[in-house]
Amino acid sequence: MSILSGKNILLGISAGIAAYKTASLVRVFIKAGANVKVVMTPASKDFVTPLTLSTLSKNPVHSSFYNEDDENAEWNNHVELGLWADYLLVAPATANTMSKMANGTCDNLLLATYLSAKCPVYFAPAMDLDMYKHPSTLNTFKKLKSFGNIMIPATSGELASGLVGQGRLAEPEDIVAFMEQDVLNKLPLKGRKIMITAGPTYEALDPVRFIGNHSSGKMGFEIAKASANFGAEVVLITGPTHQKVNHSLIQVVPVVSAQDMYEAAHTYYKTVDVAILSAAVADYKPKEISNQKIKKKDSTLVLELEKTKDILASLGEIKLKQLLVGFALETNNELEYAKGKLKKKNLDLIVLNSLNDKGAGFKSETNKVTIIDKENNITAYKLKSKAEVAIDILSEIIKKLNA
Ligand code: CTP
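Values in this document were obtained by computation on a predicted structure and should not be read as measured data.

A. Structural detail: the overall build of the chain. A tally of regular secondary structure across the chain gives 13 helices and 22 strands. Its C-alpha radius of gyration of 28 Å places the chain more than 25% over the 22 Å reference for a compact globule of 403 residues. The principal-axis extents of the C-alpha atoms in the chain amount to approximately 90 × 45 × 40 Å. Counting over 403 residues, the chain shows a buried share of 49%. In the chain, of all internal contacts separated by at least 6 residues, the share reaching a separation of at least 24 is 66%.

Right, here's the structure in full:
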């Protein structure tokens, strides 16, 4: 899945012959799963039609502050467009438009949108080779980059003039690949490895029965997705659940029992920077597993259970550089018990859920957590969706990693 999937891309088109390539560019963004809106300079409409671009982007295309042909003309709000965008890309960026961007000129909708955008801005120049090399153009590049704009350089080859040299707009696939790589490189967990345990464990009684719990695995899966979206390489060790995930940065390791989860966790722990143990691991398992189905006989049946291994505590014992994060699900004396676990299991952070909070817990779509660190800083969060809670937990982790 592309890192741009679900992101809002605002494509600004200025008037160069390379504008014909923007039809393909919109398609490549859409294929990557991005949402695309297009803003054009008035003159660029001579090179590619708004109809083509609105059809491909499935969004209206704007090129002036209002539509003169429409008697119910609405104001095309450049501030709203700028705020909508996760990324603004100006492609092709002509010498004229870039010079205006560099100097704060604001005589069309594209430039007004550029000035109001708060998101990262990419620009992909295209022009003839001598224009590209001109000191004033080089000065414009320098100035635009000094504002934090990111340049996607033109490539070399045959130009519209028939001359050969640097000035060709980068190919649509290469522009999108450039942006994907740049976005990835800047993610806060880029280069970090994270192991997550999730879901319940099933402890077999016989070939057809087990002891389990109601954990849905949702919290752990949301943490895995948020970690990957922040650029981390994720190993998600999960007990049996209905949750699904499909992300190129997430490796799913399915397990069944507490012992399986213990072994998988110890296999990956040495290689990771962070381990987050959110699984609801069975604390006890049947002492004997019957090879055959247990037949009903007497009116009562006594099962002998023995303790499972505490995975979290075992990782705390062998901890080296890893940041170790545990969960605690409590019903009473919550803070005290959570702090006790943090210390006893040698954790860096503990995420406390109280079963007294409405909307928190196993089957719910929401969660309400308090995060405690080993310096005894306590942060209580509001009731939120599990996806939002995952981001809160990771934000704490990112702070610790960067401290
Ligand atoms: N955990 C684990 N392995 C186990 C049991 C628990 O890794 N065998 C982890 C959970 O994933 C969670 C943390 O330990 O991160 C807290 O689990 P919890 O059951 O609340 O704590 P316990 O130490 O088992 O204490 P108690 O059941 O008495 O509350």
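B. Representation of unusual backbone geometry within the structure. In this model, Ala-91 is joined to Pro-92 through a cis peptide bond whose omega is -10°. Residue placement: Pro-92 occurs in strand E4 (residues 87-93). Not every positive phi belongs to a glycine, and Asn-333 is a case in point at roughly 45°. With a phi angle near 60°, Asn-346 is a residue other than glycine that sits in the positive phi range. Mapped onto the secondary structure, Asn-346 falls in the loop between helix H12 (334-344) and strand E18 (349-354).

C. Up close: the pattern of salt bridges. On inspection of all chains with the given rule, the structure shows 21 salt bridges. For Glu-171, the salt bridge identified is with Lys-21, shortest N-O distance 3.1 Å. With Glu-171 in the loop between strand E8 (164-168) and helix H8 (172-185) and Lys-21 in the loop between strand E1 (8-13) and helix H1 (22-31), this residue pair connects regions lying 150 residues apart in the sequence. On the basis of relative accessible area, Lys-21 is assigned to the buried category, the value being 9%. Residues Lys-285 and Glu-306 are paired through a salt bridge, measuring 3.9 Å at the closest nitrogen-oxygen approach. Taken together, the residues span a long stretch of sequence, with Lys-285 in strand E15 (residues 284-286) and Glu-306 in strand E16 (residues 305-307) at a distance of 21 residues. Using a relative accessible area of 30% as the deciding quantity, one classes Glu-306 as partly exposed.

D. Here's a closer look at the packing of H1 against helix H2 (residues 50-57). For the pair H1 and H2, interaxial distance at closest approach is 9 Å and the crossing angle is 10°. Considering the angle they form, H1 stands roughly parallel to H2. Residue-level contacts link Thr-22, Ala-23, Val-26, Arg-27 and Ile-30 of H1 to Thr-52, Leu-53, Leu-56 and Ser-57 of H2. Class assignment of the residues belonging to the contact of H1 with H2 gives a composition of five nonpolar, three polar and one charged.

E. Structural detail: the nonpolar core. Grouped together as the largest cluster of nonpolar side chains are 33 residues, with contacts concentrated most on Leu-4, Phe-29, Val-38, Leu-89, Ile-175 and Met-179. With residues near it in sequence (within four places) discarded, Met-179 still touches Leu-4, Ile-9, Phe-29, Tyr-87, Leu-89, Tyr-122 and Ile-152. Counting 32 residues, the second-largest nonpolar core is a separate cluster that includes Ala-224, Val-325, Val-369 and Tyr-381.

Parameters and conventions
- Residues numbered from 1 in each chain as written.
- Predicted model: local features only at pLDDT ≥ 70, side-chain atom pairs only at ≥ 80, totals over all residues.
- Heavy atoms only, no water.
- Helix = DSSP H or I, 4+ residues; strand = E, 2+ residues; numbered from the N terminus.
- Rg over C-alpha atoms; globule rule 2.2 N^0.38 Å.
- Buried < 20%, exposed > 50% of the residue type's maximum accessible area, 1.4 Å probe, protein only.
- Contact = heavy atoms within 4.5 Å.
- Salt bridge = Lys/Arg side-chain N within 4 Å of Asp/Glu carboxyl O.
- Axes fitted to C-alpha atoms, helices over the stretch in contact; angles between N-to-C directions.
- Parallel < 35°, antiparallel > 145°, perpendicular 65-115°, else oblique.
- Nonpolar A, V, L, I, M, F, W, Y, C, P; charged D, E, K, R; others polar.
- Core = buried A, V, L, I, M, F, W, Y, C linked by side-chain atoms within 4.5 Å.

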